[in-house]
Amino acid sequence: MCQAQEEYGGCDQPQRRPRVSCAQKCMKCKEASPVLVIRVGDAFCKACFREYFVHKFRAMLGKNRAIYPGEKVLLALSGGPASSSMLRQVQEGLSREIAKKLRFIPGIIYVDEGAVCGQSLAEREETLLQMETILQASGFPYHLAHLEEVFDLPSSILQRAPHSPAGPENSYKEAVEGFICQQRREEGGSPSLPERRIQEKLAELSMREAPGTEGLAAPGARLLGAVRTEQLVQLFGSVKTLTAKEELLQTLRNHLILHTARAQGYSKVMMGDSCTRLAVKLLTNLSLGRGASLAVDTGFSDDRHGDVVVVRPMREYSAKEIAFYNHLFGVPTVFTPALDTKALEKASIHRVIERFLFGLQAEFPSTVSTVYRTGEKLSTAPGDADPATGAAEPQHCLLCLCALDTNVEDGSALQAILVSEQLSQQRLPAASPAGRGCCPGAEEQRGCCMNTTAPGADARADFLPLLCYGCRLTIKDTTCLESLPLYVRSEAERRKCRAAMKLEIQEFLLEDEAVNPGES
Amino acid sequence: MDNVGGIAGRIFAIVAAPVSLLVEFGGGAELLFDGIKKHQVTLPCQPEPWHIRNLLKWIKQTLLKERPELFIQGDTVQPGILVLINDADWELMGELDYKLQDQDNVVFISTLHGG
């Protein structure tokens with residue numbers, strides 16, 4: 001890499017970053033001795049680091065003005081360092097004096113994914129107990145969800161709900177001022193305060209009684225739980241590659257969180273994705289063919305669902321800062337093994353990219369922030385009209401709800417891939433079912449999975465056009481489409497029928513003047 | 001006679017005193033150590049002083065139960081594993097060359113699992 005002073009002749013190792021010694025003072029207060037180094041050579045003492053950390057969270061929320069006062073926000077807690085740190089920041093922010101207080105109403109959701117990660121029931125119960133301690137200590141209403149509940153989701157999850165667009169900048173300020181005035185008035189007159197507290201308690205009770213929280217405890221529910229767990233294990237067992245498993249897990253988890261948010265009236269969801277994580281995600285998504293949706297996948301706010309917006313307030317914290325903060329200030333975390341814990345180095349694309357980035361970061365400490373800043377420049381384009389179907393708004397992927405990026409235009413990379421797929425299909429009409437997942441441009445020895453028995457092939461052929469390119473790759477690695485949750489299959493069926501119906505009545509529809517200017 | 005005794009006494013004094021440490025693992029790194037997060041260890045006496053460099057080698061031989069490549073890469077820790085010495089970043093203490101003192105606290109935190 002480019003380093004001005006480096007001498008390539010003699011040294012056998014690349015020059016390491018400059019050492020900051022303990023003898024220097026904290027770069028901010030210039031008095032205390034530093035305890036950690038952030039970025040390249042910025043040494044902070046404990047007190048200044050804490051201030052810096054807390055301030056960054058509030059600045060992130062304030063700068064983006066995404067969260068209005070009094071809004072209900074769902075915090076997605078996984079027990080890991082970043083989301084636990086986020087919870088602590090929210091607690092701190094809500095406890096300050098009223099002028100500078102964070103002004104939203106938080107709730108927490110924890111999703112138990114133990115079944116997918118191969119944990120036994122006993123291990124899962126233990127993790128849940130640990131998590132409940134943390135959740136109860138926070139004092140916020142919380143929801144415990146099991147990934148098995150994904151089989152009971154309604155198919156409305158996959159439909160984009162209408163979203164009332166946020167007003168202009170002024171309305172945020174007005175909303176804040178109005179809220180402050182209202183709070184001051186309420187503090188003057190006492191009756192409304194106890195009322196509000198009672199309402200909050202009632203709301204908490206109703207949430208705690210929700211079926212998901214007692215899934216493992218009640219005996220009747222236990223049987224259902226066992227069936228669902230079996231289904232879940234079967235679904236993930238039918239996915240052949242670790243990459244596809246991770247993608248599927250993320251998709252299902254997001255759907256479950258979204259459902260809880262919608263059901264309980266939350267309009268925002270906060271995810272604890274750190275800067276390091278987002279840099280890895282950015283490069284991973286590029287490798288997975290999800291380049292078209294990079295802006296929503298890694299940006300601050302993600303509004304693909306319409307009514308519920310996902311925000312990522314931890315996106316400017318590096319993993320190191322979060323780990324240090326948690327250790328120095330006693331933030332409780334619960335470590336749960338994930339799908340790729342102790343996996344081999346090249347087991348999945350996610351692992352490869354993570355290893356690559358971390359390795360590079362060790363030698364060149366501005367790597368992660370450079371990737372992150374490049375990603376920050378991405379923004380979502382306003383929806384373009386899709387010329388092929390003449391629809392007013394672009395179609396959305398069935399699974400990830402991003403705009404479909406699969407217009408097969410002349411000369412596009414996608415067209416080249418599809419052509420080579422078709423060519424390899426025609427060469428081997430009676431090929432045996434694919435041993436591994438079908439990759440685009442399959443080698444000639446292996447048939448495309450579209451060559452399997454006719455019903456399976458048909459179902460898959462109908463299913464794939466509803467997905468964006470990245471999700472197609474995930475589904476291609478899934479051998480058994482029947483094991484997908486019902487809501488996915490029924491929504492796919494619905495869309496397919498609608499498309500077929502539209503095709504039938506196409507000639508009777510009044511067309512847009514822009515598409516057919518000359519015809520009457 | 002006295003001189004020999006005096007010289008012998010001085011030679012013994014150069015050998016490093018036994019070093020007792022509290023070694024902690026966090027962030028998932030404990031999985032490689034049988035799930036145990038805190039290890040109170042006493043390093044064996046040896047002529048060379050104990051640095052982080054040879055502490056890592058010792059951990060690899062003694063404490064590490066599986067998958068050494070997930071914890072150690074060559075001479076140093078795997079990228080993504082933070083090292084804290086007495087609650088301070090090891091970059092401020094000289095990293096591998098920091099000389100361990102008795103009753104030091106060394107913490108290894110893995111940042112490879114996000115959350």
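Going by what an unreviewed UniProt entry lists, chain B is known as Ubiquitin-related modifier 1 and is assigned to Chelydra serpentina. Entered under Sequence similarities (unreviewed entry) in the UniProt record, the comment concerning chain B runs "Belongs to the URM1 family." Quoted verbatim from the Pathway (unreviewed entry) field of UniProt, the annotation for chain B is "tRNA modification; 5-methoxycarbonylmethyl-2-thiouridine-tRNA biosynthesis."

An unreviewed UniProt entry annotates chain A as Cytoplasmic tRNA 2-thiolation protein 2 originating from Chelydra serpentina. Here is the UniProt Sequence similarities (unreviewed entry) comment for chain A, exactly as written: "Belongs to the CTU2/NCS2 family." The UniProt entry for chain A carries the following comment under Function (unreviewed entry): "Plays a central role in 2-thiolation of mcm(5)S(2)U at tRNA wobble positions of tRNA(Lys), tRNA(Glu) and tRNA(Gln). May act by forming a heterodimer with CTU1/ATPBD3 that ligates sulfur from thiocarboxylated URM1 onto the uridine of tRNAs at wobble position."

**Q** What exactly am I supposed to notice about the sheet that holds strand E6 (residues 268–271) of chain A here?
**A** Picture the strands of a sheet paired through backbone hydrogen bonds; they go either parallel or antiparallel. All names here are of chain A. Across the sheet, six strands lie side by side as E5-E4-E3-E6-E8-E7; this open sheet has mixed pairing. Since the sheet does not close on itself, it has two edges, and those belong to strand E5 (142–146) and strand E7 (301–302), each with one partner. Bridge count for strand E3 (residues 72–77) against strand E4 (residues 105–112) is six bridges, and the pairing is parallel. When the sheet's bridge partners are listed, Leu77 is paired in E4 with Tyr110.

**Q** When you look at the packing of aromatic side chains in this model, what are you seeing that I'm missing?
**A** To describe a pair of aromatic rings, you give the distance between the ring centres and the angle between the ring planes. A full pass over the atoms with the stated rule returns 12 aromatic pairs over all chains. Arranged with centres 5.1 Å apart and planes meeting at 35°, the rings of Phe44 of chain A and Tyr52 of chain A form a pair that is tilted. Overall, the relative accessible area of 4% leaves Phe44 of chain A in the buried class. With relative accessibility at 13%, the residue Tyr52 of chain A sits in the buried group. Geometrically, the ring pair formed by Phe33 of chain B and Phe71 of chain B is edge-to-face, given 5.3 Å between the ring centres and 80° between the ring planes. Residue Phe33 of chain B is found in the loop between strand E1 (19–26) and strand E2 (38–43), and its partner Phe71 of chain B is found in the loop between helix H2 (52–62) and strand E3 (72–73); the two are separated by 38 residues along the sequence. Judged by relative accessible area, Phe33 of chain B falls into the buried class, the value being 1%. Each member of the aromatic cluster is reached from another via a ring pair, and the members are Phe44, Phe49, Tyr52, Phe53, Tyr317, Tyr325 and Phe329 of chain A. Directly above the aromatic system of Phe329 of chain A lies the positively charged group of Lys46 of chain A, at a separation of 5.6 Å from the ring centroid. Cation over ring: Lys56 of chain A sits above Tyr317 of chain A, and NZ or CZ is 5.1 Å from the ring centre.

**Q** Teacher, can you tell me more about unusual backbone geometry here?
**A** A negative phi holds for most residues other than glycine; trans holds for most peptide bonds. In the Ramachandran plot, Leu401 of chain A falls in the positive-phi region, its phi being about 60° despite a non-glycine side chain. With respect to the secondary-structure elements, Leu401 of chain A resides in the loop between helix H12 (367–376) and helix H13 (413–427). The backbone of Glu95 of chain B sits at a positive phi, close to 55°, despite the residue not being glycine.

**Q** Where do I start with the sheet that holds E2 of chain B in this structure?
**A** Strand order in the open sheet made by the five strands is E2-E1-E7-E5-E6 (chain B), with mixed pairing throughout. Unpaired on one side and paired on the other, E2 and strand E6 (88–89) of chain B mark the two borders of the sheet. With six bridges joining them, E1 of chain B and strand E7 (residues 104–110) of chain B adopt parallel strand pairing. Counterpart to Gly26 of chain B in the pairing with E7 of chain B is Ile109 of chain B. The sheet strands contacting helix H10 (residues 319–328) of chain A are strand E5 (81–85), E6 and E7 of chain B, and the helix crosses E5 of chain B at an angle near 40°. Seen against the sheet, H2 of chain B touches E1, E2, E5 and E7 of chain B and runs at an angle of roughly 110° to E2 of chain B.

**Q** Looking at this structure, how should I read the packing of helix H11 (residues 349–363) of chain A against H12 of chain A?
**A** In a packed pair of helices, the relevant descriptors are the angle between the two axes and the axis-to-axis distance. All names here are of chain A. One can describe the packing of H11 onto H12 by two numbers: an axis separation of 8 Å at closest approach and a directional angle of 120°. Looking at the two axes, H11 sits oblique to H12. Of the residues in H12, those touching H11 at Leu357, Leu360 and Gln361 are Thr367, Val368 and Val371. Grouping the amino acids of the contact of H11 with H12 by side-chain chemistry returns four nonpolar, two polar and no charged.

**Q** I'm lost on the interface of chain B and chain A in this one. Help?
**A** Counting from both sides, the interface comprises 30 residues of chain B and, opposite them, 37 residues of chain A. Around 2,800 Å² of area is buried between chain B and chain A when both sides are counted, 58% of it from carbon and sulfur atoms. Connecting chain B to chain A are two salt bridges. For Asp89 of chain B, the salt bridge is made with Lys320 of chain A, and the minimal N-O distance between the two is 2.7 Å. Summed over the shared surface of chain B and chain A, the number is six residue pairs in polar contact (both at pLDDT 80 or more). Mapped by element, the contributors of at least two residues to the side of chain B that touches chain A are E5, E6 and E7 of chain B. Each residue belonging to the side of chain B that touches chain A can be placed in one class, and the counts come to 12 nonpolar, 10 polar and eight charged.

**Q** I keep staring at the pairing of E2 of chain B and nothing clicks. Help me out?
**A** Put simply, side chains in a regular strand alternate between the two faces of the sheet. Residues and elements named next belong to chain B. Judged by which residues are buried, E2 turns out to be one-sided: His39, Val41 and Leu43 face inward and are buried, whereas Lys38, Gln40 and Thr42, on the alternate face, are not. The pairing of E1 with E2 spans six bridges and is antiparallel. Along E2, the bridge assignment pairs Ser20 with Thr42.

**Q** Mind showing me how you'd approach the environment of Ala500 of chain A here?
**A** Summarising the element assignment, Ala500 of chain A is placed in helix H16 (residues 486–504). As for Ala500 of chain A and Lys101 of chain A, which are separated by 399 residues in sequence, their C-alpha atoms are 53 Å apart.

Conventions we followed
- Residues numbered from 1 in each chain as written.
- Chains lettered and ligands numbered in written order.
- Predicted model: local features only at pLDDT ≥ 70, side-chain atom pairs only at ≥ 80, totals over all residues.
- Heavy atoms only, no water.
- UniProt positions renumbered as here; feature names shortened; annotations may be inferred.
- Pairing = 2+ DSSP bridges.
- Helix = DSSP H or I, 4+ residues; strand = E, 2+ residues; numbered from the N terminus.
- Phe/Tyr/Trp six-rings, centres within 6.5 Å; stacked < 30°, edge-to-face > 60°.
- Buried < 20%, exposed > 50% of the residue type's maximum accessible area, 1.4 Å probe, protein only.
- Lys NZ or Arg CZ within 6 Å of the ring centre and 35° of its normal.
- Contact = heavy atoms within 4.5 Å.
- Axes fitted to C-alpha atoms, helices over the stretch in contact; angles between N-to-C directions.
- Parallel < 35°, antiparallel > 145°, perpendicular 65-115°, else oblique.
- Nonpolar A, V, L, I, M, F, W, Y, C, P; charged D, E, K, R; others polar.
- Buried area = accessible area lost by both parts, 1.4 Å probe.
- Salt bridge = Lys/Arg side-chain N within 4 Å of Asp/Glu carboxyl O.
- Polar contact = N/O pair within 3.5 Å; in protein donor to acceptor, adjacent residues only side chain to side chain.

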